[in-house]
Amino acid sequence: MIEVRFHGRGGQGAVTSVELLALAAIEEGKFAQGFPSFGPERRGAPVIAFSRVNDHHIRLRSKIYTPDVAVVLDPSLLKIVDPSQGLKAGGLIIINTNRTLDQVRTEFGYQSRLALVDADRIAREELGVPIVNTTMLGALIRGTGIVALDSLTAPLKGRFGRGAERNLNALRRAYEETTLSN
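A brief look at the structure comes next.

Conventions we followed
- Residues numbered from 1 in each chain as written.
- Predicted model: local features only at pLDDT ≥ 70, side-chain atom pairs only at ≥ 80, totals over all residues.
- Heavy atoms only, no water.
- Helix = DSSP H or I, 4+ residues; strand = E, 2+ residues; numbered from the N terminus.
- Rg over C-alpha atoms; globule rule 2.2 N^0.38 Å.
- Buried < 20%, exposed > 50% of the residue type's maximum accessible area, 1.4 Å probe, protein only.
- 1 Å grid on protein atoms, 1.4 Å probe; cavity = no way out; pocket = protein on both sides within 12 Å on 5 of 7 lines; lining within 4 Å.
- Points joined across faces, edges and corners; volume = space filled by probe spheres on them.
- Nonpolar A, V, L, I, M, F, W, Y, C, P; charged D, E, K, R; others polar.
- Pairing = 2+ DSSP bridges.
- Salt bridge = Lys/Arg side-chain N within 4 Å of Asp/Glu carboxyl O.
- Polar contact = N/O pair within 3.5 Å; in protein donor to acceptor, adjacent residues only side chain to side chain.
- Contact = heavy atoms within 4.5 Å.
- Core = buried A, V, L, I, M, F, W, Y, C linked by side-chain atoms within 4.5 Å.

**A look at the overall build of the chain**
Here comes step 1: Of regular secondary structure, the chain possesses six helices and seven strands.
Here comes step 2: Taking 16 Å as the expected radius of gyration for a compact globule of 182 residues, we find that the chain reaches 15 Å, a close match to that expectation.
Here comes step 3: Dimensions of the chain, computed from C-alpha atoms along their principal axes, come out at roughly 40 × 40 × 35 Å.
Here comes step 4: Looking at the chain as a whole, 48% of its 182 residues are labelled buried.

Below, the structure is given as structure tokens:
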């Protein structure tokens, strides 16, 4: 089972990300969960969402306290949240940033594997707005192989209709432009 914790802000699409990921996994015949954890937050407030993907039934119904992967949709959250908290040994942190691997390691001291992508830039160029949910899914797939890139086609078309093609372009670009550490 792969467990993923998404850190974002209200309105950035963290909840949509977990839903799309779950639908893509189900499309592949896997089992999946996607659920948020927030109270009466407003647009811009920090939110957390969770996703589990497995080849077998998932019986857990709790928050994810020890994720395999942490995805950070908004780099400003790194000043108030530690995405490495509870991360499993060998885990991966995926960050939306225009910084280099060395800059992120120096500034935040992360020892885990990293995957970095300038999702804001890609989203602005492909979608016209800095909503990075589908962009960060591209980085997640690049870093983990949790689902196939093409498995998101149907969920994106179902969710975004005519806007699906732009989201697919953002997804693919992020997949290609993500920088991975060892």
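**Considering the layout of surface pockets**
Here comes step 1: For the largest pocket, the calculated volume is near 230 Å³.
Here comes step 2: Surrounding the largest pocket, 15 residues form its lining, Arg 5, His 7, Ile 48, Val 81 and Gln 85 being those nearest its centre.
Here comes step 3: Every element with two or more residues in the lining of the largest pocket is listed here: strand E1 (2-9) and strand E3 (46-54).
Here comes step 4: Considering every element that reaches the lining of the largest pocket, the biggest residue donor is E3, with four residues.
Here comes step 5: A per-class count over the lining of the largest pocket returns eight nonpolar, four polar and three charged.

**A short note on the pairing of strand E5 (residues 92-96)**
Here comes step 1: Counting buried positions along E5 gives five out of five residues, so the element sits mostly inside the fold.
Here comes step 2: Going residue by residue along E5, you find Leu 92, Ile 94 and Asn 96 tucked away on one face and Ile 93 and Ile 95 tucked away on the opposite face as well.
Here comes step 3: With four bridges joining them, strand E4 (residues 69-72) and E5 adopt parallel strand pairing. In the strand pairing of E5, Ala 70 is matched with Ile 93.
Here comes step 4: With five bridges connecting them, E5 and strand E6 (residues 113-117) associate as parallel partners. When the sheet's bridge partners are listed, Ile 95 is paired in E6 with Leu 116.

**As for the pattern of salt bridges**
Here comes step 1: A full pass over the atoms with the stated rule returns 15 salt bridges.
Here comes step 2: For Lys 88, the salt bridge is made with Glu 3, and the minimal N-O distance between the two is 3.4 Å. Of this pair, Lys 88 sits in the loop between E4 and E5 while Glu 3 sits in strand E1, placing them 85 residues apart in sequence.
Here comes step 3: For Glu 177, the salt bridge is made with Arg 121, and the minimal N-O distance between the two is 2.8 Å. With Glu 177 in helix H6 (residues 164-177) and Arg 121 in helix H3 (residues 119-127), the pair connects residues that are 56 residues apart, well separated along the chain.
Here comes step 4: Overall, the relative accessible area of 29% leaves Arg 121 in the partly exposed class.

**What to know about the side chain of Ser 17**
Here comes step 1: Structurally, Ser 17 can be placed in helix H1 (residues 14-27).
Here comes step 2: Classification of Ser 17 as buried rests on a relative accessible area of 0%.
Here comes step 3: A distance of 3.4 Å separates the side chain of Ser 17 from the backbone oxygen of Asn 133, its partner in a polar contact.

**What about the environment of Glu 3?**
Here comes step 1: By relative accessible area, Glu 3 is classed as buried at 8%.
Here comes step 2: The sequence separation of Glu 3 and Lys 30 amounts to 27 residues, and the corresponding C-alpha distance is 14 Å.
Here comes step 3: Not counting residues up to four positions away in its chain, the partners in contact with Glu 3 are Ser 51, Arg 52, Leu 60, Ile 64, Thr 66, Pro 67, Asp 68, Val 69 and Lys 88.

**Quick look at the nonpolar core**
Here comes step 1: Phe 6, Val 71, Ile 94 and Leu 140 are the most contacted members of the largest nonpolar core, which has 38 residues in total.
Here comes step 2: It is H1 that contributes the most residues to this core, six residues altogether.
Here comes step 3: Leave out the neighbours within four places in its chain, and Phe 6 touches Ala 14, Ser 17, Val 18, Leu 21, Val 47, Ile 48, Ala 49, Ser 51, Val 71, Leu 73, Leu 137 and Leu 140.
Here comes step 4: If you look at the next biggest cluster of nonpolar residues, it comprises 10 residues, including Ala 70, Leu 87, Leu 114 and Leu 116.

**Regarding the side chain of Asn 167**
Here comes step 1: The topology assignment puts Asn 167 in helix H6.
Here comes step 2: For Asn 167, a relative accessible area of 6% puts it in the buried group.
Here comes step 3: At 2.9 Å, the side chain of Asn 167 and the backbone oxygen of Gly 163 are in polar contact.
Here comes step 4: Once residues lying within four places of it in the same chain are set aside, the contact partners of Asn 167 are Leu 127, Thr 134, Leu 156 and Phe 160.

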